[in-house]
Protein chains: 2
Amino acid sequence: MIEQVAYRVGEIKPFYAMALLARAKELEAQGRRIIHMEIGEPDFVTPQPIIEAGIAALRSGQVYYTPSSGLPALREAIANWYSMSAGIQISPDRIIVTPGASGASLLAMAALLNPRDTILMADPGYPCNRYLARILEGNPVGIPMTAKNAYQFTADHIESYWSSITKAVLVASPANPTGAILCQATLDALINSVESRGGALVVDETYGGLVYESESITALTLSDQVFVINSFSKYFGMTGWRLGWLVVPDNFIQVADKLAQNLFLAASTPAQYAALAAFRPETIQILEERRMAFQQRRDFLLSKLQVLGFYVPAIPQGAFYIYADCSKFSVNSMAFSQNLLENVGVAVTPGLDFGCNDPHRYIRFAYTTSMERLQEGIERLQTYLS
Amino acid sequence: MIEQVAYRVGEIKPFYAMALLARAKELEAQGRRIIHMEIGEPDFVTPQPIIEAGIAALRSGQVYYTPSSGLPALREAIANWYSMSAGIQISPDRIIVTPGASGASLLAMAALLNPRDTILMADPGYPCNRYLARILEGNPVGIPMTAKNAYQFTADHIESYWSSITKAVLVASPANPTGAILCQATLDALINSVESRGGALVVDETYGGLVYESESITALTLSDQVFVINSFSKYFGMTGWRLGWLVVPDNFIQVADKLAQNLFLAASTPAQYAALAAFRPETIQILEERRMAFQQRRDFLLSKLQVLGFYVPAIPQGAFYIYADCSKFSVNSMAFSQNLLENVGVAVTPGLDFGCNDPHRYIRFAYTTSMERLQEGIERLQTYLS
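Definitions and cut-offs
- Residues numbered from 1 in each chain as written.
- Chains lettered and ligands numbered in written order.
- Predicted model: local features only at pLDDT ≥ 70, side-chain atom pairs only at ≥ 80, totals over all residues.
- Heavy atoms only, no water.
- Least-squares fit on C-alpha atoms with pLDDT ≥ 70 in both.
- Contact = heavy atoms within 4.5 Å.
- Buried area = accessible area lost by both parts, 1.4 Å probe.
- Salt bridge = Lys/Arg side-chain N within 4 Å of Asp/Glu carboxyl O.
- Polar contact = N/O pair within 3.5 Å; in protein donor to acceptor, adjacent residues only side chain to side chain.
- Helix = DSSP H or I, 4+ residues; strand = E, 2+ residues; numbered from the N terminus.
- Nonpolar A, V, L, I, M, F, W, Y, C, P; charged D, E, K, R; others polar.
- Axes fitted to C-alpha atoms, helices over the stretch in contact; angles between N-to-C directions.
- Parallel < 35°, antiparallel > 145°, perpendicular 65-115°, else oblique.
- Left-handed = near helix turned anticlockwise from the far one by under 90°.
- Pairing = 2+ DSSP bridges.
- Domains from an automatic or database assignment.

A.B. asks: Explain the relation of the copies chain B and chain A here, please?
C.D. replies: Copies of the same chain, two in number, are related to each other by a rotation about an axis and a translation along it. Its rotation angle being 180 degrees, the transformation that places chain B on chain A also includes 0.0 Å of axial translation and leaves an RMSD of 0.0 Å. Overall, the copies show the geometry of a two-fold rotation axis. Interface overlap between copies: 99% of the residues of chain B at the interface are likewise at the interface in chain A, consistent with a symmetric, same-surface contact.

Rendered as structure tokens:
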């Protein structure tokens, strides 16, 4: 038999976090109590107003296809949200509703990348973005982010890594796994650098809204030429509904619509109707309370991890992750993760899931579980590591 | 500015049906009553048991991510359905739940196609499949289906078109837009032909279940090496929920799971819980009644179109389309479609949406609207064409 599997598949690594999660579930089935700090999904259920809107949509038979680019009312609601939260006017035509941020990333890359075109992205970074580029036969280039720079992607990185075959740059703010955010000045410099080179800047704002000290800023306030990925999953608490969006420059509206028609036809209709309730004041109030809870968890977890001997060079400003240097305990973070799970029932994600920039020194903690469980996790770590 | 849009986009044509639909909506906004026979979406709402299951899922907070390959209970339910309806045992591990059949096609092609690999498919055929192959840098090759052969894809086509760079063959049964189905002998010959060449056969069974005279047969009864695409959209009446599945051979289970993780993370959770009710006897009863209604519509529309002078060489056996030769009236089916819309308010899809095999002689009628409206449409056509 000839080799049927496409080459691209061989270059895609499975997520180690998934294997650890499977092992954690095995242990739970045996009666062990596991503290989950490996999961990139908040423990909070979807806010009730969104659930109710979803139920109302189903009751009234809103189950037919929407246009490929999304329900017009939802595209307008997103535009209004940009107006209210960021004071900017974005035409709803530029907003394409997608099946999750995954759909938005796939769409942006399909619109931009020719085979062998490079797209620069952060290492460590969200692994799917790297593999989506590869699936489309583009060439993802990971740029090592450094602790001394608080893992911030800067225009200097572009200066160093841009080449004649570079087509685009993907940055995330807040970033997974580091929680780094891009301030306005940094974003401005990135935009200028990419635009002056004729490239495209894709800003992944999947964790937008989940920012703690500083103001959450969208790149759309600074340029109408950027591609912005966003999601209803994280801040809005709609993970399993699979809903996100992509904002494109004017000259990509038709392009994005054509690609959406073919790649996924349209996003889920009940989810789109439910999401109409995501921007209501009563929902935002719930979401803001959750943001405070995340901040409290971060503050607790960060200080405790530092006391335990994990090295976290800069306070993670957003998302719900702490990317910690565990080299005081192990320079094999994969084995260390397995040990933590087997010996004290604490599940974390090894650095290997995020790239090849010194991953063996790092693990990612997600504070997507309750304070009570975080406390229990810290106590277990304390006992084990001291 | 350098050309930012990827080359692939230039090769993707927008769907003419979408432009006609937009024009139809304009006319409706002006007060015109339009008979829609262009839409590939049944007028029936999702069966009530599925809606209720969806509502129950939302009420109980089933809004978190499922595993990438789908909810285990749903994969099992699909396997049980194959057992009950086709008498075959398919391991749930081989079933990957996807965001619609679109997700299943994308997954299958991403797993199989290297750049420039050809994939053979029918012309006329569902246009997204052609473009998905192109998006992945594969090379879709349309094979002209002929009226004298009732538009059936056969092993002879493979014999004629297979080349050293052919990797896969995609066939659909029932097929869009022709309604042709593949009988067991034809399917068997196709399987033998493709497997003997070391290629992969992908069978699109999106319209499986919507078969009128004959038995609906799945290719899975004949081989465990085929890839089978299916959908909850058409027979099960769940279009807007965006849910489908892909059955893969054993050695593609890990491959498909890895690709699903990256391409879409997982399908919609509320939709997956809702779909658990799709196989219940009370749902199947509703669906079977609808199938009878479709058959009645097909019989009516087909006989009337033939009397009017449209040429339909073979009775369409499945799906909900009639692909009719309109050359008695026009050899420019695009202009003819526009005329029908403007002059008598009947919307149909021009052949151009389905490929380049003599498309100017053909239009597609969808019987996705009520008998009453079909009758009205026929009366309008009668007046206009006689």
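From this point, the narrative continues.
A.B. asks: Looking at this structure, how should I read the interface of chain B and chain A?
C.D. replies: Note on interface size: it is often stated as the accessible area lost on association of the parts. Across the contact, 74 residues belong to chain B and 74 residues belong to chain A. Buried area between chain B and chain A, both sides added, is near 6300 Å², and the carbon and sulfur share of it is 59%. Considering only the surface of chain B that becomes buried against chain A, Gln4, Tyr65 and Asn262 of chain B emerge as the three largest contributors, covering 12% of it. At the boundary of chain B and chain A, one finds two salt bridges. For the salt bridge of Glu52 of chain A with Arg59 of chain B, the shortest nitrogen-to-oxygen distance reads 3.6 Å. Between the two partners, chain B and chain A, sit 40 residue pairs in polar contact (both at pLDDT 80 or more). Elements with a minimum of two residues in the side of chain B that touches chain A: helix 1 (7–10), helix 3 (48–59), helix 5 (100–112), helix 6 (127–135), helix 9 (253–263) and helix 10 (269–275) of chain B. Considering only residue class, the side of chain B that touches chain A consists of 44 nonpolar, 18 polar and 12 charged.

A.B. asks: When you look at the packing of helix 2 (residues 16–29) of chain B against helix 12 (residues 333–344) of chain B in this model, what are you seeing that I'm missing?
C.D. replies: Think of two packed helices as two axes; the pair is described by the angle between the axes and how far apart they sit. Residue and element names in this part refer to chain B. Between helix 2 and helix 12, whose axes approach to 10 Å, the crossing angle comes to 15 degrees. Judged by the angle between their axes, helix 2 and helix 12 are roughly parallel. For the pair helix 2 and helix 12, the crossing hand works out as right-handed. Here Tyr16, Leu20, Arg23, Ala24 and Leu27 of helix 2 come into contact with helix 12, specifically with Met334, Ser337, Gln338, Leu341 and Glu342. In terms of residue class, the contact of helix 2 with helix 12 is built from six nonpolar, two polar and two charged.

A.B. asks: For this particular structure, what's the right way to read the sheet that holds strand 12 (residues 362–366) of chain A?
C.D. replies: Backbone-to-backbone hydrogen bonds join strands into a sheet, with any given pair of strands oriented parallel or antiparallel. Residues and elements named next belong to chain A. Within the open sheet, the three strands sit side by side as 9-12-11. Their pairing is antiparallel. With partners counted over all chains shown, the strands left at the sheet margins are strand 9 (321–325) and strand 11 (349–350), one partner each. As paired strands, strand 9 and strand 12 are joined by five bridges and run antiparallel to one another. Note on strand 12: the bridge partner recorded for Ala324 is Ile363. Seen against the sheet, helix 12 (residues 333–344) touches strand 11 and strand 12 and runs at an angle of roughly 40 degrees to strand 12.

A.B. asks: Whenever I open this one, the domain arrangement of chain A confuses me. Can you help?
C.D. replies: Residue and element names in this part refer to chain A. Examined at the domain level, chain A breaks down into domain 1 (7–45 + 283–385) and domain 2 (48–280). Here the C-alpha centroids of domain 1 and domain 2 sit 25 Å apart. Counting from both sides, the interface comprises 37 residues of domain 1 and, opposite them, 41 residues of domain 2. Across the interface of domain 1 and domain 2, roughly 3500 Å² is buried in total on both sides, 56% from carbon and sulfur atoms. One can count three salt bridges joining domain 1 with domain 2. One can count 24 residue pairs in polar contact (both at pLDDT 80 or more) joining domain 1 with domain 2. Every element with two or more residues in the side of domain 1 that touches domain 2 is listed here: helix 1 (7–10), helix 11 (281–308), strand 9 and strand 12. The dominant element in the side of domain 1 that touches domain 2, judged by the number of residues it contributes, is helix 11, at nine residues. Broken down by class, the residue content of the side of domain 1 that touches domain 2 amounts to 21 nonpolar, seven polar and nine charged.

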